[in-house]
Structure formats: C-alpha cells, structure tokens
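Okay, here's what each chain looks like letter by letter:
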Amino acid sequence: MRLLLSVLLITFGLSFHASADEALSLTPQETYDLVQTQGDQMLFIDVRDPVEIMFIGFTDVADKNIPFMLADRSKFLSDKGRFAMHPNPDFTASVEQALKDKGLSKDALIVTMCRSGSTRGKPSADFLLERGFTNVKYIDHGFQGSSSKEGKKAGMRIVNGWQNDGLPWSMTLNPEKIYQP
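Residues numbered from 1 in each chain as written. Predicted model: local features only at pLDDT ≥ 70, side-chain atom pairs only at ≥ 80, totals over all residues. Heavy atoms only, no water.

Novice: I would appreciate a short explanation of the packing of helix α4 (residues 91-101) against helix α5 (residues 121-130) in the present structure.
Specialist: Between two packed helices, both the angle of their axes relative to each other and the distance between the axes serve to describe the pair. For the pair α4 and α5, the least separation of the axes is 11 Å and the interaxial angle reads 80°. One way to sum up the angle between α4 and α5 is to call them roughly perpendicular. Of the residues in α5, those in contact with F91, T92 and V95 of α4 are S124, F127 and L128. Looking at side-chain class alone, the contact of α4 with α5 contains four nonpolar, two polar and no charged residues. (Axes fitted to C-alpha atoms, helices over the stretch in contact; angles between N-to-C directions. Helix = DSSP H or I, 4+ residues; strand = E, 2+ residues; numbered from the N terminus. Parallel < 35°, antiparallel > 145°, perpendicular 65-115°, else oblique. Contact = heavy atoms within 4.5 Å. Nonpolar A, V, L, I, M, F, W, Y, C, P; charged D, E, K, R; others polar.)

Novice: Would you mind going over the environment of T59 with me for this structure?
Specialist: Counting through the fold element by element, T59 comes out in the loop between α3 (50-56) and β3 (64-65). Given a relative accessible area of 0%, T59 falls into the buried group. Along the chain, T59 and Q163 lie 104 residues apart, while their C-alpha atoms are 8.9 Å from each other. For T59, the contacting residues outside a window of four places in its chain are F44, M113, F143, W162, P168 and W169. (Buried < 20%, exposed > 50% of the residue type's maximum accessible area, 1.4 Å probe, protein only.)

Novice: Sorry, what's going on with a nonpolar patch on the surface here?
Specialist: A contiguous nonpolar surface patch, about 300 Å² in accessible area, is contributed by V51, M54 and F55. Tracing the sequence through the fold places M54 in helix α3. (Patch = residues over 30% accessible without salt bridge, like charges linked within 9 Å, V, L, I, M, F, W, Y side chains within 5 Å. Areas by Shrake-Rupley, 256 points an atom, 1.4 Å probe, with all protein chains shown as cover. Salt bridge = Lys/Arg side-chain N within 4 Å of Asp/Glu carboxyl O.)

In structure tokens form, the structure reads like this:
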C-alpha cells in the first residue's frame, strides 16, 4: 500500500511539475465560454499568419491576431510544398502591448489559437511561459481542427476545432484585429 501511495504521489508531483512548465490546452468551447464570462480579464490571440487567416477564416471573438510565425514568401521549401516560416520578432512585444491595451498584466490568462493547435498554438503558449507570462493556455485542435482519416473527405480538416465545433467565425477580417506590420 505504501509503495502504491508513493508511486501515486511521485506521479502526481511529476505531472504537476510538467504542467507548470508547459501550457495546458482548452477546447474551443471552453475558450468561447471563458471569453463570454471573463473576456475583459483575459487575452485571446490568434497566432496564425494573417494571409492564412485571409483564406481560412477568423473569429471576431479573438481579441487580436498576433502571428507567432510569419511565412517567408521569398523562400519556398520544395520538399515540404510550402513557404518557410520564421518567428515573428515582434511577437512578445505585441502580446505585452495587447495586454496593456486591455489593462491587464503578464499574470492575466492568455489563450493562443493556431490552425491545428500543435504547430503554433502550443509552441507559442510555451514560448510566452518561458518569457515570464504566468497563465498561458492554447486551444487544442485550433481553428480548423484535425483531418478526417477516412471516407470521401479524408484529409480534409472537418474533425473538431473552432470551425467544426460550430463556434462563430467568418471570412470577413476585422481590420482592427488583424495583424498589419
């Protein structure tokens, strides 16, 4: 019994420590609900490149579009079939300014969202945690969700995510929220 209790305590301790070092995920619905109830006490940012947003859509529920990575249209990666992506050098300063604009500190809840949740959503949240922001989460499955694995729509992003959960979004971009360098 002692051994079992010790293993549980160690496991809990390790998982608690990991969560303090890494951003935790929220579902799109949890994020939407938080914005509805605590929107003035948090910052919800879409971290996708604005050109990506232009072709996929945006939710005006987000406070701001602050890209974590920017597409380098001068460098096409033939082996990957896409443009290179580089860190946005203004990311941290832009997040700080967005917090300031809302009257919030680095301790306020920040939620990041990318297309799928894993490529830029979680990395951007972890990046902010490493820079002294204390309460950062990301949206699991992001804006567009996961790809279907089978059927006529295999490969299409129709499983989960902000769009597929029926949350508000549009193809119309809000010029006051979209990133404009």
